[in-house]
Amino acid sequence: MSMRKSLIWSYGSQGANLFVGFLSSVAIARMLDPHEFGVFAFAMAAMGFIGVFTSLNLGSYLVREEQLSRQQLSSLFTLNACEIIIFCTAILIASLVEWMAGAQREISIVLAISVVSPLIAIFEFIPASLYQREMDFATLSKVAVIRNVITSIAAVCAVAYGLGAVGLAVGPAAGSLFSVTYFNIRRYQDTVFIPTRRGLRPAFVYGLQIMSISGVAQLAQRISDLSLGRILGLSALGLYSRASNLAGMVFTSVYGQATSVVFVRMAQDLREHGSFHASFMASMRMITAAIWPMMIGIAILSRPLIHSIYGGKWDAAAAPLSILMLAQFVALGFGMNWEVFVLRHQTALQTRFELIRAVCGVALFIGGCFFGIAGAAASRVAEALIGYFLYRPHMDRLVGTRAGEIETIFRESLGLTAVAVSPALLLMVLGGWSYQTPFALVVTSVAAGIALWLLAVRHRKHPLFAELLFVRNRLRTG
C-alpha cells in the first residue's frame, strides 16, 4: 500500500476513533467528578511507571528487519509474552500493596482489572505487527475503529452502572478481546504460540536500547503524574489529566498516526535508496502545516471548549490545556526525532538526550506543582525547549538536509497557523476570554479559520492542498 493510501486509511480511522473517544470522554466526564477521574489517572500512572521497565517496543524491531523467518517470529512472540507477564505480575503486586495500604482501594481494583487487556494482547502482537510491516493500514484502521467503539461502549456502560473509576478499566479488556480474535482468524497461518529460547538476543538488545530511549521519557511522565497526585491531591490530578488527555488525543490522533506510517516508509526508503530525506521533508511540511494551527487554536479556545463540552466542574482544566498545547507546538520543532535516530542507529546519543530531558523535566514539573496545575503544565513548555536545543542541531546531519531547509518549512507553517487562528483570537479578545463565550460563536470562528487556512494553502500551492483534493475526489468517486 502506498504512503498516501496508508495515510488516508490511518487518518480516516483516527478521525472515527477521535469522534468515538471524544463522545465517550464527554459522557464519562459528565458522570464522574475530578476526584474519581484522578483515581483512574493515578492507577494509569502507576501502570505506566512499571511499564517503563518491561516495554521493549518489539513491534518496531519487526517492522525494521529486512528479512523475517518463522524462527524470528517465534522469538519475538516469546519475548513479548515474557515482558507482558512480568508487567502484569508487577501490576498485581502493586495492587495488593495499595489494597493493604487501604488509603484508596479503588486504585488497587483498577490496577487489578487493567491487567486483563495486556494479557489478551499477547496473542495479538505478531499478526498486528505483520500488518503494519506490510503497510496494510486499511485492515489495521478498520480493526482500530471497531475496537475503539467496543472499548468506549463498555467503559461508558460500566461507569453508568455505577462502577465509577473502576468502570474505566473494563473497556480496554472488551476491545482487546475483539481485536485479538479478529487478527488471529485473519492471519491464522502466521500465528505463533510456541515459545522458544533460540534467537532471543538480537531483539532483546534492540528492545533494551529502545527502552532506554522512550523509557526515560515515559518514566519521567509517570513520576510527574504520581508526584502531582501526592502534592496537589487526586482532584487536581483529575483536572490535569483531563487537560493532558485532551492534548494527547490531538497529538496522537494527528502526529502519532502520521508518523506511524511515515516511519515504515522512511525505513523502506533507507533500505532501498540509502536515504529518507525526501519522505522526511515532505512529511514534516504537511504535519506542521496541519497540526500547528490545530494546537494553537485549541490553546486559544480552551476556556469555552472545556466549559461547553465538559461542564463547569472542569473549568480549571482550561489553563493547563492551553499551556500543554503550546508545549506540543514547541515539541514539533524537533518532531520525528525518535524515528530518525532509530533508523540511523543513534540510540546511544538519543538515550543521553532523553536522560537530560527527563531529569530536567521531572525537577521542573515537581517545582511547578507548588504553583498549581497551571505551573505544572508550564514546566512542559520549558522541557520542550530543552528538547529542541538538544535535538535540533543533529536533525540536519541525520536526515541529510541543508542548513536552513527545515526552518523554511517552519516559517511557512507559522504563517499558515497565524492565518488559521486569527478568527478565534479575535473572538476571545473581544469576549474578554470568557468561559461563557457562546459555543455557536466558537464553532463559527473555527469554521472561518479552516476556510482561511484552505485559502492560504491553496495560494501557497502547498502539497497538503493537493492531498486534500485527492481525498475529496476519492470520496466523490467512491
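Refer to the structure presented above.
Since we're looking at a predicted model, the values are computed, not measured.

(A) View of the overall build of the chain. Of regular secondary structure, the chain possesses 19 helices and 0 strands. Split into buried and exposed, the 478 residues of the chain put 53% on the buried side. In the chain, the share of contacts with a sequence separation of at least 24, taken over all contacts with a separation of at least 6, comes to 84%. Working note: accessible area of the chain is about 20,800 Å², and carbon and sulfur atoms make up 67% of it.

(B) Region of interest: the packing of aromatic side chains. Counted under the stated rule, the structure contains 11 aromatic pairs. Ring geometry for Phe 77 against Phe 123: centres 6.2 Å apart, planes inclined by 40 degrees, an arrangement best described as tilted. Separated by 46 residues along the polypeptide, Phe 77 in helix α4 (residues 70–101) and Phe 123 in the loop between α6 (116–121) and α7 (125–133) bring together distant segments of the chain. Looking at Phe 77, the relative accessible area reads 6%, which means it is buried. Considering the side-chain rings of Phe 341 and Phe 353, the 6.4 Å spacing of their centres and the 65 degrees angle between planes classify their relative orientation as edge-to-face. Of this pair, Phe 341 sits in helix α14 (residues 337–343) while Phe 353 sits in helix α15 (residues 347–369), and the two are 12 residues apart along the sequence. Under the relative-accessibility criterion, Phe 341 is labelled buried at 0%. Ring-pair connections join several aromatic residues into one group, and the members of that group are Phe 334, Phe 341, Phe 353 and Tyr 391.

(C) Main features of unusual backbone geometry. Positive phi outside glycine occurs at Trp 433, with the angle close to 55 degrees. Within the secondary structure layout, Trp 433 lies in the loop between α17 (405–430) and α18 (439–459). Exposure remark for Trp 433: the relative accessible area of 36% places this residue in the partly exposed category. For Lys 461, which is not glycine, the phi dihedral falls at a positive 55 degrees. Along the chain, Lys 461 falls in the loop between α18 and α19 (463–477). Assessed through its relative accessible area of 73%, Lys 461 is described here as exposed.

(D) The arrangement of the environment of Ala 154 in detail. Topologically, Ala 154 is positioned in helix α8 (residues 137–163). Residues Ala 154 and Gly 171 lie 17 residues apart in sequence; the distance between their C-alpha atoms is 4.7 Å. Setting aside chain neighbours within four positions, we find Ala 154 in contact with Gly 171 and Ala 174.

(E) α18, seen in detail. Along its 21 residues, α18 runs 30 Å from first to last C-alpha, staying within 8% of the 30 Å computed at 1.5 Å per residue. Those residues of α18 that fall on the buried side of the exposure criterion are Val 442, Ser 445, Gly 449, Trp 453, Ala 456 and Val 457. Seen along its axis, α18 keeps its buried residues to an arc of 100 degrees; they face one direction. Relative to its buried face, α18 has exposed residues pointing more than 90 degrees away, namely Ala 440, Leu 455, Arg 458 and His 459.

(F) Main features of the side chain of Glu 124. Within the fold, Glu 124 resides in the loop between α6 and α7. Classification of Glu 124 by relative accessible area gives buried; the value is 11%. Here Ser 179 takes part through its side chain, which lies 2.9 Å from a polar atom of the side chain of Glu 124. For Glu 124, the residues in contact, after removing those within four places along its chain, are Arg 147, Ser 176, Ser 179, Val 180, Phe 183 and Asn 184.

(G) Looking closely at the nonpolar core. One finds Phe 280 and Val 340 to be the most contacted residues of the largest nonpolar core, which totals 116 residues. Residues in contact with Phe 280, not counting those within four places in the same chain, are Met 266, Gly 335, Met 336, Val 340, Met 395, Val 399 and Ile 406.

(H) How the structure looks around helix α12 (residues 277–310). Along its 34 residues, α12 runs just 43 Å from first to last C-alpha, ending more than 12% under the 50 Å computed at 1.5 Å per residue. The sharpest bend along α12 reaches about 70 degrees and sits at Leu 301, with the proline Pro 304 one to four residues further on. Counting buried positions along α12 yields 25 of 34 residues, so the element is predominantly enclosed. Looking at the residues trailing α12, positive phi occurs at Gly 311, about 100 degrees.

(I) Molecular detail of empty space enclosed by the protein. All told, the structure shown has 2 cavities of 30 Å³ or more when counted by the stated rule. Quantified by volume, the second largest cavity comes out at close to 30 Å³. In this structure, the second largest cavity is lined by Phe 280, Met 284, Gly 333, Phe 334, Gly 335, Arg 392, Met 395, Ile 406 and Phe 410. Looking at the lining of the second largest cavity, the elements with two or more residues in it are α12, α16 (372–399) and α17. Partitioning the lining of the second largest cavity into residue classes produces 6 nonpolar, 2 polar and 1 charged.

Criteria and thresholds
- Residues numbered from 1 in each chain as written.
- Predicted model: local features only at pLDDT ≥ 70, side-chain atom pairs only at ≥ 80, totals over all residues.
- Heavy atoms only, no water.
- Helix = DSSP H or I, 4+ residues; strand = E, 2+ residues; numbered from the N terminus.
- Buried < 20%, exposed > 50% of the residue type's maximum accessible area, 1.4 Å probe, protein only.
- Contact = heavy atoms within 4.5 Å.
- Areas by Shrake-Rupley, 256 points an atom, 1.4 Å probe, with all protein chains shown as cover.
- Phe/Tyr/Trp six-rings, centres within 6.5 Å; stacked < 30°, edge-to-face > 60°.
- Expected span 1.5 Å × (residues − 1).
- Arc of directions from axis to C-beta.
- Polar contact = N/O pair within 3.5 Å; in protein donor to acceptor, adjacent residues only side chain to side chain.
- Core = buried A, V, L, I, M, F, W, Y, C linked by side-chain atoms within 4.5 Å.
- Bend = angle between axes of the 7 residues up to and from the residue.
- 1 Å grid on protein atoms, 1.4 Å probe; cavity = no way out; pocket = protein on both sides within 12 Å on 5 of 7 lines; lining within 4 Å.
- Points joined across faces, edges and corners; volume = space filled by probe spheres on them.
- Nonpolar A, V, L, I, M, F, W, Y, C, P; charged D, E, K, R; others polar.

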